[in-house]
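Each chain is listed here by its residues.
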Amino acid sequence: MKHPDQWALFGGKPTFAQPLHVGQLNLPQWDKIETTFRGIFERQWYTNHGPLAREFDIAFARHLGVKHAIAVSNGTVALMVAARALGFEQGEVIVPSFTFPATVQALSWAGLTPVFCDVSAATHTLTAEQARPLITPSTVAIAGVHLWGQPCAPESLAALAEEFGLALLFDAAHAVGCTHHGRPLGQFGDLATFSFHATKVVNAAEGGCIATDDDELAARARTIRSFHPGEHYAAVTARINGKMSEAQAGLALLSLAELESNITANRSRHIIYQQRLGDLPGMRLLTPEAHDTSNHQYVTVVIDSERAGLSRDQLALLLDAENIMCRRYFAPGTHQLPPFRDHPAYRTLSLPVTERLCRDVIVFPNGAPMTEDDVVKICDVVEALLRQAHTLRAKLERTG
Ligand code: T4K
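Just so you know, these numbers come straight off a predicted model, no measurement behind them. (Residues numbered from 1 in each chain as written. Predicted model: local features only at pLDDT ≥ 70, side-chain atom pairs only at ≥ 80, totals over all residues. Heavy atoms only, no water.)

Chemist: What is the right way to look at empty space enclosed by the protein in this model?
Modeler: Left-over empty space is what a probe sized like a water molecule reveals as it rolls over the atoms. Enumeration according to the criterion identifies one cavity of 30 Å³ or more in this entry. Within this model, the largest cavity holds a volume of roughly 80 Å³. If you go around the largest cavity, the residues you meet are W148, Q150, H270, L286, T287, P288, S294, H296, Y298 and T300. In terms of residue class, the lining of the largest cavity is made up of four nonpolar, six polar and no charged. (1 Å grid on protein atoms, 1.4 Å probe; cavity = no way out; pocket = protein on both sides within 12 Å on 5 of 7 lines; lining within 4 Å. Points joined across faces, edges and corners; volume = space filled by probe spheres on them. Nonpolar A, V, L, I, M, F, W, Y, C, P; charged D, E, K, R; others polar.)

Chemist: Mind showing me how you'd approach unusual backbone geometry here?
Modeler: Comment: phi is negative for the bulk of residues other than glycine, and the bulk of peptide bonds are trans. Here the amide bond leading from A331 into P332 is cis, since omega sits at -5 degrees, within 30 degrees of zero. With respect to the element layout, P332 can be found in the loop between β14 (324-325) and α12 (344-347). The peptide bond linking P338 to P339 adopts the cis configuration, its omega dihedral lying at 5 degrees. One can find P339 in the loop between β14 and α12. Located in the positive-phi region is H124, a residue other than glycine, with phi close to 70 degrees. (Helix = DSSP H or I, 4+ residues; strand = E, 2+ residues; numbered from the N terminus.)

Chemist: Help me understand the site of the ligand, please; the structure alone is not making it clear to me.
Modeler: The environment of the ligand is made up of 23 residues, and the closest members are T76, D171, H174, R327 and Y329. Taking G75, its main chain carries an N or O atom lying 2.8 Å from an oxygen atom of the ligand. A distance of 2.7 Å is found between an oxygen atom of the ligand and a side-chain nitrogen or oxygen belonging to H174. Protein burial of the ligand: of its 910 Å² of free accessible surface, 74% is covered by the chains. For the shell around the ligand, the secondary-structure elements that each account for two or more residues are α3 (75-85) and α4 (102-109). Its residues placed into classes, the shell around the ligand shows nine nonpolar, eleven polar and three charged. (Near = heavy atom within 4 Å. Polar contact = N/O pair within 3.5 Å; in protein donor to acceptor, adjacent residues only side chain to side chain. Areas by Shrake-Rupley, 256 points an atom, 1.4 Å probe, with all protein chains shown as cover.)

Chemist: Got a minute to help me understand the nonpolar core in this structure?
Modeler: In a soluble, globular protein the nonpolar side chains are often hidden away together inside. Counting 67 residues, the largest nonpolar core has F56, F60, F98, W148, L157, F194 and F196 as the members making the most contacts within it. No other element matches helix α2 (residues 51-64), which puts seven residues into this core. Both domains that furnish three or more residues to this core are identified here as domain 1 (30-257) and domain 2 (260-326 + 365-399). Excluding anything up to four places from it in sequence, W148 contacts F98, H124, H174, L286, S294, Y298, T300, Y329, F330, V361 and V363. (Core = buried A, V, L, I, M, F, W, Y, C linked by side-chain atoms within 4.5 Å. Buried < 20%, exposed > 50% of the residue type's maximum accessible area, 1.4 Å probe, protein only. Domains from an automatic or database assignment. Contact = heavy atoms within 4.5 Å.)

Take it as geometry only, folks, not as evidence of what the structure does.
In structure tokens form, the structure reads like this:
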């Protein structure tokens, strides 16, 4: 074990020579990418609903067990198109603040007014009990987020939405390959949106998708995503170029084919994190409920600084220096970010659980390029840091 003075933050050598990032890239082998890209260049068909983009729509719908998958350029555009496809240009949408800002920004771009809701401390997602008191005559929709791939109360939010005649959409950006009671998370709500960003478990560099069983909703989403006359299926009030390119679709198809093996490897690494970090004082690692499955792309830990001896920020600082690039997702909460924080309605908003999670959550690296030995080494570092917490805290407080 290193002496407290030997940690990289105080001038020692970092544990890892290269940075280990959160959202490690799940990339297919180069020869597969080369073959796919050769085909694109030979066909000279790069975008505008080419064969790979059409194939991906079908493959992803089949993967989720839904009638329609409408692939778009990224997860943010998926949310923008989705909100418009639901038919709303104004009204209030109940949405968590504890999410990547894209969730709220996209809905706001689509004309909806966010009403920020606190989340459950256990799952980090919205609950029907928290959403109910926020419903007003202006509410048109509830937007849950399956954060970290954790199901966002699908049944109770559906019951609440039905009781008040509200639309229910789920931001499932993190949830490719995740299930709830055996059902893929894309099957819940009026629709769900996905992200295939480079850091996601299915990686198309950039990419997104809207999934739904509703034929009319799908027709509107398809019409909104493109200006092409051949893509005109429904009357809509706005359209955008949100198409997925052939390059993205090629990567997405290859990545989807490797999803199961990537999840299996993620799960093995997650189990090591769980076994090693789960019992350390002040560390709570999020794990799926018995009836749920996760893609384990995010290894999320909540730190109780009193018990751990170090705050989340102090631990993150020490780990960063060791080239263990943990992330403090998603701090600050979206309601405390521009443009919302400057708005009188949000300035004094109190969301106690969100604020606590913003202070205490840290996400550890996972994904295909990581080995189990990497995880063991990361856990060794965390364990050693916590053992020396008292001394390190004093050193950190002295050095400011
Ligand atoms: N809803 C939710 C709940 C989301 O989390 C997101 C996106 C969206 C909606 C919107 O979906 P998209 O429009 O993005 O498809 C990253 C991603 O950019 C973002 O997609 C993701 N969520 C979010 C959770 O993570 P940052 O700001 O953390 O990205 P960045 O560039 O710091 O990357 C994270 C780490 O990954 C870095 O430390 C380095 C590594 N990395 C990243 C890229 C881009 C690489 O090694 N190679 C790369 O090419 O947002």
